Amino acid sequence: EAGVTQSPTHLIKTRGQQATLRCSPISGHTSVYWYQQALGLGLQFLLWYDEGEERNRGNFPPRFSGRQFPNYSSELNVNALELEDSALYLCASSPGTGGWMNTEAFFGQGTRLTVV
Amino acid sequence: AQKITQTQPGMFVQEKEAVTLDCTYDTSDQSYGLFWYKQPSSGEMIFLIYQGSYDEQNATEGRYSLNFQKARKSANLVISASQLGDSAMYFCAMREVFGNEKLTFGTGTRLTIIP
């Protein structure tokens, strides 16, 4: 069974540009979470999608946005890139709401975004 | 206030010894879940072990066990018989009933196993 897959693995962008990161959840999982991990720091929650809707977002500016498609895959868009957006962006999936307490989130390998 | 506190930025442990990674948490919920993840240098987050707030017994998964002390709000990870491959970052995380499903992570502990 395929795990959570993210693309691209690495992405280099210029300040001011837009970046699009993609995530495919494990088959059957309806919830997708996005996290930002800046160098040397822990994971900061960005966004949570479930059943195609944004359910919650973390303390990030509106230029961080995303969506979830009918097949439950997800995109994270970062507009007007700034140097401090350079980080590892991790996507995770879980079976969704209800009965979630003991269901861990399975993570992808991440997209390393570098803004120059 | 920090929801998850990991007070050990780095630890060095001799191979084959046991190691305890500390984690304390803060929540007013009665129902919550506690998780430990391992992050090797490749970046992927690997799930290790889970403890539910209502679980009376400490969780165990192979060489990993979770020392859950609810009254103290601590959930320390114990790794027995450490191996060189255990060298990685370790993150403690919590999921709350009213936390809108997200996992809240601590800042992590970098564990280095010395041969």
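What you see is a predicted model, and the numbers here were worked out from it, not measured in a lab.

Visitor: Any chance you could explain the environment of Pro70(A) here in plain terms?
Guide: Position of Pro70(A) among the secondary structure elements: in the loop between β7 (64-68) and β8 (74-78). Spatially, the C-alpha atom of Pro70(A) lies 6.4 Å from that of Gly52(A), the residues being 18 residues apart in sequence.

Visitor: In this structure, what is going on with the sheet that holds strand β3 (residues 19-24) of chain A? I would like to understand it.
Guide: Residue and element names in this part refer to chain A. One open sheet accounts for four strands, arranged β1-β3-β8-β7; its pairing is antiparallel. Sheet topology places β1 (5-7) and β7 at the edges, where each strand pairs with a single neighbour. Here the average twist between neighbouring strands, direction ignored, is 15 degrees. Here β1 pairs with β3 via three bridges, running antiparallel. Following the sheet pairing, Ser7 is matched in β3 by Arg22.

Visitor: Please clarify how the interface of chain A and chain B should be interpreted in this entry.
Guide: Listed per partner, the contact involves 22 residues of chain A and 24 residues of chain B. With both sides pooled, the region where chain A packs onto chain B buries about 1,900 Å², and carbon together with sulfur makes up 60% of that total. The interface formed by chain A and chain B holds zero salt bridges in total. Taken together, the links from chain A to chain B amount to three residue pairs in polar contact (both at pLDDT 80 or more). Elements with a minimum of two residues in the side of chain A that touches chain B: β4 (31-37), β5 (44-50) and β9 (87-94) of chain A. Tallied by class, residues from the side of chain A that touches chain B come to twelve nonpolar, nine polar and one charged.

Visitor: Explain the side chain of Asn76(B) here, please?
Guide: Residue and element names in this part refer to chain B. Note on placement: Asn76 falls in strand β9 (residues 74-79). Here Asn76 falls in the buried class, since its relative accessible area comes to 13%. There is a polar contact of 2.9 Å between the side chain of Asn76 and the backbone nitrogen of Cys23.

Visitor: Looking at this model, I keep getting lost on the pattern of salt bridges. Mind explaining?
Guide: Any two side chains of opposite charge can pair, so long as their charged atoms come close to each other. All names here are of chain A. For the structure on display, the rule yields seven salt bridges over all chains. We note a salt bridge from Arg63 to Glu82, for which the minimum N-O separation is 3.4 Å. Residue Arg63 is found in the loop between β6 (53-57) and β7, and its partner Glu82 is found in the loop between β8 and β9; the two are separated by 19 residues along the sequence. By relative accessible area, Arg63 is classed as buried at 16%. A relative accessible area of 31% places Glu82 in the partly exposed class. With a shortest N-O distance of 2.7 Å, Arg63 and Asp85 are connected by a salt bridge.

Calculation criteria
- Throughout this document, residue positions are counted from 1 along each chain, in the order its sequence is written.
- Think of it this way: whatever chain is written first is A, whatever ligand is written first is 1, and the rest follow in order.
- Per-residue local features of the predicted model are confined to residues with pLDDT of at least 70, and side-chain atom pairs are confined, for both listing and counting, to 80 or more; whole-chain, interface and lining totals are unaffected and use all residues.
- In computing side-chain properties, one takes all heavy atoms of the structure into account and sets aside hydrogens as well as water.
- Helix and strand definitions here come from DSSP, where helices need a minimum of 4 consecutive H or I residues and strands a minimum of 2 consecutive E residues; each element is numbered from the N-terminal end.
- Paired strands, as defined in this entry, are two strands with at least two bridges between them according to DSSP.
- Helix axes are fitted to C-alpha atoms over the stretch in contact, other axes to C-alpha atoms as well, and angles between N-to-C directions run from 0 to 180 degrees.
- In this analysis, two residues are considered to be in contact whenever any of their non-hydrogen atoms come within 4.5 Å of each other.
- Note on definitions: buried area is the accessible-area loss of two parts on being combined, 1.4 Å probe, summed for both.
- For this document, the term salt bridge refers to a Lys or Arg side-chain nitrogen within 4 Å of an Asp or Glu carboxyl oxygen.
- Within 3.5 Å is the distance limit for a polar contact, defined as a pair of N or O atoms, with the added protein rule that one can donate a hydrogen and the other accept it, and that residues adjacent in sequence qualify only through two side-chain atoms.
- Note on residue categories: nonpolar means Ala, Val, Leu, Ile, Met, Phe, Trp, Tyr, Cys or Pro, charged means Asp, Glu, Lys or Arg, and polar means any other residue, Gly included.
- The buried label applies to any residue whose accessible area, calculated with a 1.4 Å probe on protein chains only, is under 20% of its type's maximum; exposed applies above 50%, and partly exposed to all values in between.

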